[in-house]
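Coordinate analysis (summary)
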Amino acid sequence: IIFNSNKRYKLPFRAAGNKLTLLIIFLFLPALSCIAQRSALKLGDAIRLALQNNKGIAAYALKVEEYRSLVPTAYSMDKTFVTLGNDQNNIAENGSPLTVWGIEQNFSFPSTYKAEINAKKIDVSIAEAKFEVLQRDLSKEVSQSYLETQIFSAKQDLNISLDSLNVISDVIDRIHQILNLEN
């Protein structure tokens, strides 16, 4: 409706009236976009950020700490039980049953504790190795993505320069056509 009507709409400001203002705006517009751009991220920084912000890596780091904290529990012994009872089969001289006190605690041979601590240390080393593998896999994925991005950026720059060469070639062809028409 607006495009087909003959009615002219006035803008709230006078855009075309002051050519100097428009020229200044168009000159500083590219400079403003350059200020807003971030600096290029380097591969090492990208890997460091990925390792810091990856939730899977952080969760597995906590799992490694859990395995480390379980190593001292290999020496844990069972609870000590204290019992008190009346022995009805053994009657004292005064005719009352004997009161029997008992203390009971189970513990294993020292070699069993040694084997348990070795098993827990092996669990820790396995968890640490898996953690390192996860970190290397993430670093590999980030590196591949970074390199793909760099390749695509280089291809884009190449295409832009080729496109500008095509435009220049078209302009030169046009100039040749104009010069040939004048002669």
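Residues numbered from 1 in each chain as written. Predicted model: local features only at pLDDT ≥ 70, side-chain atom pairs only at ≥ 80, totals over all residues. Heavy atoms only, no water.

What follows is about helix H2 (residues 43–53). A turn of α-helix holds 3.6 residues, and therefore any two residues three or four places apart point the same way. For H2, the full list of buried residues reads Ala46, Ile47 and Ala50. Projection of H2 onto a plane perpendicular to its axis shows the buried side chains occupying an angular sector of 95 degrees, all on one side. (Buried < 20%, exposed > 50% of the residue type's maximum accessible area, 1.4 Å probe, protein only. Helix = DSSP H or I, 4+ residues; strand = E, 2+ residues; numbered from the N terminus. Arc of directions from axis to C-beta.)

This part covers the nonpolar core. One finds Ala46, Ile47, Ala50, Ile57, Tyr60, Val64, Ala127, Phe131, Leu138 and Val142 forming the largest nonpolar core, which totals ten residues. Of all the secondary structure elements, the ones that give two or more residues to this core are H2, helix H3 (55–70) and helix H4 (110–182). No other element matches H4, which puts four residues into this core. Discounting chain neighbours no more than four positions away, the residues touching Ile57 are Leu51, Phe131, Leu134, Gln135 and Leu138. (Core = buried A, V, L, I, M, F, W, Y, C linked by side-chain atoms within 4.5 Å. Contact = heavy atoms within 4.5 Å.)

On to a nonpolar patch on the surface, then. The grouping of Leu158, Leu162, Leu165, Ile168 and Ile172 at the surface amounts to a nonpolar patch, some 450 Å² of accessible area in total. Locating Ile172 in the fold gives a position in helix H4. Residue Ile172 is classed as partly exposed on the basis of its relative accessible area of 41%. (Patch = residues over 30% accessible without salt bridge, like charges linked within 9 Å, V, L, I, M, F, W, Y side chains within 5 Å. Areas by Shrake-Rupley, 256 points an atom, 1.4 Å probe, with all protein chains shown as cover. Salt bridge = Lys/Arg side-chain N within 4 Å of Asp/Glu carboxyl O.)

Quick look at the pattern of salt bridges now. One pass over the full model with this rule turns up four salt bridges. Between Glu65 and Arg68 there is a salt bridge, and its shortest N-O distance comes to 2.5 Å. Within this pair, Glu65 and its partner Arg68 are both found in helix H3, separated by three residues, close to a single helical turn. Taking the relative accessible area as the measure of exposure, Glu65 reaches 42% and is therefore partly exposed. Judged by relative accessible area, which is 38%, Arg68 ranks as partly exposed. Several salt bridges converge on common partners, so that one network encompasses Glu65, Arg68 and Glu128.

The subject of this paragraph is the pairing of strand E1 (residues 81–91). Where E1 meets strand E2 (residues 97–104), eight bridges bridge the pair, whose relative direction is antiparallel. Residue pairing in the sheet places Val82 in a bridge with Ile103 of E2. Here E1 folds back onto E2 in antiparallel fashion, the turn holding five residues, of which Gly95 has a positive phi close to 90 degrees. (Pairing = 2+ DSSP bridges.)

Right, let's get into H3. Along its 16 residues, H3 runs 23 Å from first to last C-alpha, staying within 8% of the 22 Å computed at 1.5 Å per residue. You can read the cap of H3 off the contacts: a side-chain oxygen lies 2.8 Å from the backbone nitrogen of Gly56, and it is on Asn54. (Expected span 1.5 Å × (residues − 1). Polar contact = N/O pair within 3.5 Å; in protein donor to acceptor, adjacent residues only side chain to side chain.)

Glancing now at the environment of Lys114. Positionally, Lys114 belongs in helix H4. We classify Lys114 as exposed; its relative accessible area is 51%. For the pair formed by Lys114 and Tyr75, sequence separation is 39 residues and the distance between their alpha carbons is 8.4 Å.

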